[in-house]
Each structure stands twice: as C-alpha cells, then as structure tokens.
Amino acid sequence: ALKAAETAVAINPASPLAYNSLGFALVGLDQYADAAKAFRESISLEPDFADPHYGLGVAAILLNDRETAEKQLKILEGLHPGMARQLEGFLKQGE
C-alpha cells in the first residue's frame, strides 16, 4: 500500500486523494509523524475533504497531540458528523 501511495503522489502531486492514501498507509506502518505531514498536505490541497482531517486526528492521537486531534474533531463536526463521532470515540479511548 505504501509503494502504491508513493507512486500516486509522484504521478500526481496535486492530488489530495494521493496524499490521503499515503497518510493512511503510513499510519498502518506506525509512522505517525510522516502520516500527519501527508494528511496536512492533502488538507492544504482540498480543505473540505473530510478523510484527511480524520486521518490527521487519528495520527495526532497516536502522537499524543490532543490539541491537533481536538481541532480536527471540530472541523469534522462541520464536514462529516459520522467521522467526527468516530474520531471523538477514539479520542475518548486515549484519555
């Protein structure tokens, strides 16, 4: 999955989907800081795309960055309430 996501980013560096896929591949490999960077890039390319906000929130929780996770939760509440509830549940597990 990582190689495919890296290839997608190389082929289309303006694709928020490619960076989002890269972020989730990196989370799967426990590379949370690099995942957060990929999710931030995806968000910068398409701020209303809910998936990378969720991914960044998850990566932030795993990095013990509660402030970033809570910020992503607030954004998701407006973009995708279902994802917001999932992230909120994950955030509460980490308390």
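Reading guide: rules and limits
Along each chain, numbering runs from 1 in the same order as the chain's sequence is written. Thresholds applied to this predicted model are a pLDDT of at least 70 for local features of residues and 80 or more for the giving and counting of side-chain atom pairs; totals over whole chains, interfaces and linings are not thresholded and use all residues. Hydrogens and water are ignored here; the side-chain numbers use all heavy atoms of the structure. A run of H or I in DSSP counts as a helix once it spans at least four residues, and a run of E counts as a strand once it spans at least two, with each numbered from the N terminus. The cut-offs for exposure are 20% and 50% of the maximum accessible area for each residue type, with area from a 1.4 Å probe on protein chains only; residues under the lower value are buried, those over the upper are exposed, and the others partly exposed. The contact definition used throughout considers only heavy atoms, calling two residues in contact when any of these lie within 4.5 Å. Every axis in this analysis is a line fitted to C-alpha atoms, fitted for helices over the stretch in contact. Angles between the N-to-C directions lie between 0 and 180 degrees. For classification purposes, an angle smaller than 35 degrees is called roughly parallel, one larger than 145 roughly antiparallel, one from 65 to 115 roughly perpendicular, and anything else oblique. Note on convention: the crossing is left-handed when the near helix lies turned anticlockwise from the far helix by less than a right angle, right-handed when the turn is clockwise. Only Asp, Glu, Lys and Arg are considered charged in this grouping, and only Ala, Val, Leu, Ile, Met, Phe, Trp, Tyr, Cys and Pro are considered nonpolar; every other residue, Gly among them, is considered polar. As used in this record, nonpolar core signifies buried Ala, Val, Leu, Ile, Met, Phe, Trp, Tyr and Cys residues forming a set joined through side-chain atoms within 4.5 Å. For this analysis, a ring pair means two rings from Phe, Tyr or Trp (six-membered ring only for Trp) whose centres lie within 6.5 Å, classed as stacked if their planes differ by under 30 degrees, edge-to-face if by over 60, and tilted for the remaining angles.

A.B. asks: Help me out: how do you make sense of the environment of Val58 in this one?
C.D. replies: Looking at the element boundaries, Val58 is found in helix H4 (residues 50-62). Relative accessible area serves as the criterion here: at 10%, Val58 is assigned to the buried category. Measuring from C-alpha to C-alpha, the distance between Val58 and Leu87 comes to 7.0 Å, with 29 residues separating the pair along the chain. Non-local contacts of Val58, meaning those with residues more than four positions away in its chain, are made with Leu87 and Phe90.

A.B. asks: I keep staring at the side chain of Ser42 and nothing clicks. Help me out?
C.D. replies: Within the secondary structure, Ser42 is located in helix H3 (residues 32-45). Non-local contacts of Ser42, meaning those with residues more than four positions away in its chain, are made with Pro16, Tyr19, Asn20, Phe49 and Pro52.

A.B. asks: In this structure, what is going on with the packing of helix H2 (residues 16-28) against H4? I would like to understand it.
C.D. replies: For any two helices packed against each other, the geometry is given by the interaxial angle and the distance between the axes. At a minimum axis distance of 10 Å, the contact between H2 and H4 shows a crossing angle of 25°. The pairing of H2 with H4 is recorded here as roughly parallel in orientation. Helix-helix and strand crossings are classified by hand; for H2 and H4 the assignment is left-handed. Counted together, Asn20, Phe24 and Val27 of H2 and Asp51, Pro52, Tyr54, Gly55 and Leu62 of H4 form the full contact between these two elements. In the contact of H2 with H4, the residues fall into five nonpolar, two polar and one charged.

A.B. asks: Whenever I open this one, the nonpolar core confuses me. Can you help?
C.D. replies: Inside soluble globular proteins, nonpolar side chains tend to come together where they are buried. Counting residues in hydrophobic clusters, the biggest one holds 15 residues, and the most contacted among them are Val9, Leu22, Val27, Ala35, Phe39 and Leu56. Put simply, the parts of the chain that give this core at least two residues each are helix H1 (2-11), H2, H3 and H4. For this core, the leading source of residues is H3, giving six residues. Ignoring sequence-local partners within four residues, the contact set of Val9 consists of Ala18, Tyr19 and Leu22.

A.B. asks: What exactly am I supposed to notice about the packing of H2 against H3 here?
C.D. replies: Interaxial distance between H2 and H3 falls to 8 Å at its minimum, and their mutual angle equals 165°. Considered as vectors, H2 and H3 are oriented roughly antiparallel to each other. When the axes of H2 and H3 are compared, the crossing they make is left-handed. Of H3, the residues touching H2 (which contributes Pro16, Tyr19, Asn20, Leu22, Gly23, Phe24, Leu26 and Val27) are Tyr32, Asp34, Ala35, Ala38, Phe39, Glu41, Ser42 and Leu45. The residue inventory of the contact of H2 with H3, partitioned by class, reads eleven nonpolar, three polar and two charged.

A.B. asks: How should I be thinking about the packing of aromatic side chains in this particular structure?
C.D. replies: What describes a pair of aromatic rings is the distance from one ring centre to the other and the angle between the planes of the rings. Under the counting rule described, the total for this entry stands at one aromatic pair. Judged by centre distance (4.9 Å) and plane angle (70°), the ring pair of Phe24 and Phe39 falls under edge-to-face. Here Phe24, found in helix H2, pairs with Phe39, found in helix H3; they are 15 residues apart in sequence, far enough to count as distant. Of the residues examined, Phe24 reaches a relative accessible area of 35% and is grouped as partly exposed.

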